[in-house]
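# Analysis of the macromolecular model
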Amino acid sequence: MPEIKIKHVVSCSTEDTTHKADNLLSSDTYRKWKAARPGEKQTSVILQLEKEEQVHSIDIGNEGSAFIEVLVGNSSAVRDQDYEVLLVMSSFMSPTESRNGTNMNRVRFFGPNQLQKSTAQEKWDRVKIVCSQPYSK
């Protein structure tokens, strides 16, 4: 499958001065997006795709989140509530790993069988990624 092109960051709830959300636009694996302050319980970012696309799989590289959820929507939608779940909240770190700061950079691949079937069958031009870390300060 070809890689889907991201046009720009529409918004983000928080970002570090060095590790900005714009880093997600780069294919360089060393570029990261981090929250402005360590210990934030939840962060999110909305990405605008170049055109409407059908998402067949997702590759996620983590940077300290215990859970990550992926939602999709269309730029023509007027409210945040118009996002639909593509990937249900998925675990990237256990409570013990979170408290100990281990395995913070786990990478997971989610294929067609792990995505919400009805949502994955449609085309979308926005992706909302929600990261949460309830276990560590």
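All values reported here derive from a predicted model rather than from experimental measurement.

Our focus in this paragraph is the pairing of strand β2 (residues 42-54). It is a general feature of regular strands that their side chains alternate between the two faces of the sheet. Pairing of strand β1 (residues 6-12) with β2, which is carried by five bridges, proceeds in the antiparallel orientation. Note that in β2 the partner of valine 9 across the bridge is leucine 47. As paired strands, β2 and strand β7 (residues 123-132) are joined by nine bridges and run antiparallel to one another. Following the sheet pairing, serine 44 is matched in β7 by valine 130.

So, about the sheet that holds β2. Pairing within the open sheet is antiparallel, and its five strands lie in the order β1-β2-β7-β4-β5. Only two strands of the sheet have a single neighbouring strand rather than two, namely β1 and β5 (84-91). On average, each strand axis in the sheet is tilted by 20° relative to the strand beside it, whichever way the strands run.

Okay, the packing of aromatic side chains next. Counted by the stated rule, this structure contains two aromatic pairs. Measuring from centroid to centroid gives 5.9 Å for phenylalanine 67 and tyrosine 135, while their planes differ by 55°, and the two rings are tilted. In this pair, phenylalanine 67 sits in strand β4 (residues 67-73) while tyrosine 135 sits in the segment after β7, placing the two residues 68 residues apart along the sequence. Judged by its relative accessible area of 19%, phenylalanine 67 falls in the buried class.

Let's shift gears to the nonpolar core. Among the nonpolar cores identified, the biggest contains 22 residues, and Ile58, Ile60, Leu86 and Leu115 are the most heavily contacted of them. The set of elements that each furnish at least two residues to this core consists of β2, β3 (58-61), β4, β5 and β7. Tallying contributions element by element places β7 first for this core, with four residues. Setting aside its immediate chain neighbours within four residues, isoleucine 58 contacts Val70, Leu86, Leu87, Arg108, Phe109, Phe110 and Leu115.

Thresholds, definitions, all that
Residues numbered from 1 in each chain as written. Predicted model: local features only at pLDDT ≥ 70, side-chain atom pairs only at ≥ 80, totals over all residues. Heavy atoms only, no water. Pairing = 2+ DSSP bridges. Helix = DSSP H or I, 4+ residues; strand = E, 2+ residues; numbered from the N terminus. Axes fitted to C-alpha atoms, helices over the stretch in contact; angles between N-to-C directions. Phe/Tyr/Trp six-rings, centres within 6.5 Å; stacked < 30°, edge-to-face > 60°. Buried < 20%, exposed > 50% of the residue type's maximum accessible area, 1.4 Å probe, protein only. Core = buried A, V, L, I, M, F, W, Y, C linked by side-chain atoms within 4.5 Å. Contact = heavy atoms within 4.5 Å.

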